[in-house]
Amino acid sequence: MRFSRTRPRPDSISPTAHYTGYVWARNGLGNGGLSTARGGWYYRLLQPAMALSRAFGGPVLEDFLLARHRVIDHLLSAAIEAGHIDGVLELASGMSPRGYEFSRSYGSAINYVETDLPDMAARKHEALDRIGSLGPNHRVEALDVLHGQGGDDLLALAEEFTSGKGLAVISEGLLNYLPTEALRTLWSRVFAVLRRFDTGLYLSDLHVAEDNRGPVDALGATLLGRFVGTGLHFHFTIPEEARKALSSTGFDPVELYLPSEFADRVLDTNRPAADRVRVISASTART
Ligand SMILES: C[S@@+](CC[C@H](N)C(=O)[O-])C[C@H]1O[C@@H](n2cnc3c(N)ncnc32)[C@H](O)[C@@H]1O
């Protein structure tokens, strides 16, 4: 299923990072220095539509954004604290505070590299530099996940993680903007990177059609797809299809969690619209 009228132009997705950046900051995530005036403007513009959507039981962006973000944080912290992961490569990180927060919490115990398209990466670099977060263990690099010679850019970046112990790759808020072929290429590249480490962990959110069925969902997806110009892609009807696609890429084990499965231990996962999204946790072992 696809809600779109035009071809992908990756940087047209970037405005959504201002929106999410504002949502993270207004909910106390990270340092307010990562939120932009443009994000606040988008947020206020969408508020009436979000209130209506909530009233009709439709999707509410803030609900599933917070749910997915906190579940990814939770799974990443657990893997770091269990001693499995000491490197994090975040794709399409936008104005997300995760790199800032994890670098503050774990210091030199982890190596955190966040990436995005060149303009967004430059903006993020400037913002992180201003709040004093950058250093040898926290860096920002430009990376277009759709380009590179067969994924060489991603592989080249992975070379920066020298411990070889455990790497987590995160792609939050990106997959549903990618056409199916690009999604599969990305998963293959991520797998090729992660299999080089003793432990590889891929964390991401993903919307599947089954969880986003109602008429208000369809309208919201169409409008968002048009706004970003790439369309919004529901590659899989049911989570089992996504699980199979990840397994056939080589990931094992693969989990597709509903945020509400964490309701007893992760904040915001019991919000009414939290379960519009799934959280992928897919692992690899060195081969
Ligand atoms: C919805 S935002 C999510 C940002 C952040 N992960 C978050 O959750 O707040 C989508 C991000 O994907 C980035 N993006 C879009 N296409 C990309 C591509 N081909 N390669 C890398 N990043 C891309 C955009 O620049 C934007 O920052």
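Located above this text is the structure these notes cover.
Residues numbered from 1 in each chain as written. Predicted model: local features only at pLDDT ≥ 70, side-chain atom pairs only at ≥ 80, totals over all residues. Heavy atoms only, no water.

1. A look at the site of the ligand
Then comes step 1: Around the ligand lies a shell of 23 residues, among which Ser14, Ala92, Asp116, Asp144 and Glu172 are the nearest.
Then comes step 2: Thr20 places a polar side-chain atom, nitrogen or oxygen, 2.9 Å from an oxygen atom of the ligand.
Then comes step 3: At 2.7 Å, a side-chain N or O of Asp144 approaches a nitrogen atom of the ligand.
Then comes step 4: In isolation the ligand exposes 590 Å². Once the protein is present, 99% of that is buried.
Then comes step 5: With four residues, helix H1 (residues 15-26) is the single largest residue contributor to the shell around the ligand. (Near = heavy atom within 4 Å. Polar contact = N/O pair within 3.5 Å; in protein donor to acceptor, adjacent residues only side chain to side chain. Areas by Shrake-Rupley, 256 points an atom, 1.4 Å probe, with all protein chains shown as cover. Helix = DSSP H or I, 4+ residues; strand = E, 2+ residues; numbered from the N terminus.)

2. Digging into helix H9 (residues 239-249)
Then comes step 1: Looking at H9, one finds that the buried residues are Pro239, Ala242, Ala245 and Leu246. In an axial view of H9, the angular spread of the buried residues amounts to 120°, which keeps them on one side of the axis. Of the exposed residues in H9, those oriented more than 90 degrees away from the buried face are Lys244 and Ser248.
Then comes step 2: On its buried side, H9 packs onto helix H7 (180-194), strand E6 (199-206), strand E8 (254-257) and strand E9 (278-285).
Then comes step 3: Following H9 by one or two positions, Gly250 adopts a phi angle in the positive range, close to 125°. (Buried < 20%, exposed > 50% of the residue type's maximum accessible area, 1.4 Å probe, protein only. Arc of directions from axis to C-beta. Contact = heavy atoms within 4.5 Å.)

3. Some remarks on the packing of aromatic side chains
Then comes step 1: Tallied over the entire structure, the rule returns eight aromatic pairs.
Then comes step 2: Aromatic side chains Tyr22 and Tyr43 sit 5.2 Å apart centroid to centroid with 45° between the ring planes, which places their arrangement in the tilted category. With Tyr22 in helix H1 and Tyr43 in helix H2 (residues 37-55), the pair connects residues that are 21 residues apart, well separated along the chain.
Then comes step 3: Both rings, one in Phe191 and one in Phe251, keep their centres 5.3 Å apart while their planes meet at 70°; by these two values the pair is edge-to-face. Here Phe191, found in helix H7, pairs with Phe251, found in the loop between H9 and E8; they are 60 residues apart in sequence, far enough to count as distant. (Phe/Tyr/Trp six-rings, centres within 6.5 Å; stacked < 30°, edge-to-face > 60°.)

4. Focus: the pattern of salt bridges
Then comes step 1: All chains considered together, the criterion is met by 18 salt bridges.
Then comes step 2: Here Arg276 ties to Asp217 by a salt bridge, and the two come within 2.6 Å at their closest N and O atoms. Of this pair, Arg276 sits in the loop between E8 and E9 while Asp217 sits in helix H8 (residues 215-228), placing them 59 residues apart in sequence.
Then comes step 3: Using a relative accessible area of 7% as the deciding quantity, one classes Asp217 as buried.
Then comes step 4: Its salt-bridge partner being Glu240, residue Arg243 comes within 2.8 Å of it at the nearest N-O pair. One end of the pair is Arg243 and the other is Glu240, both in helix H9 and three residues apart, which spans about a single turn.
Then comes step 5: A residue is classified by how much of its surface remains accessible, and Arg243, at 24% relative accessible area, is partly exposed.
Then comes step 6: Within this structure, Arg68, Asp73, Glu90, Arg98, Glu172 and Asp205 form a network of salt bridges that share partners. (Salt bridge = Lys/Arg side-chain N within 4 Å of Asp/Glu carboxyl O.)

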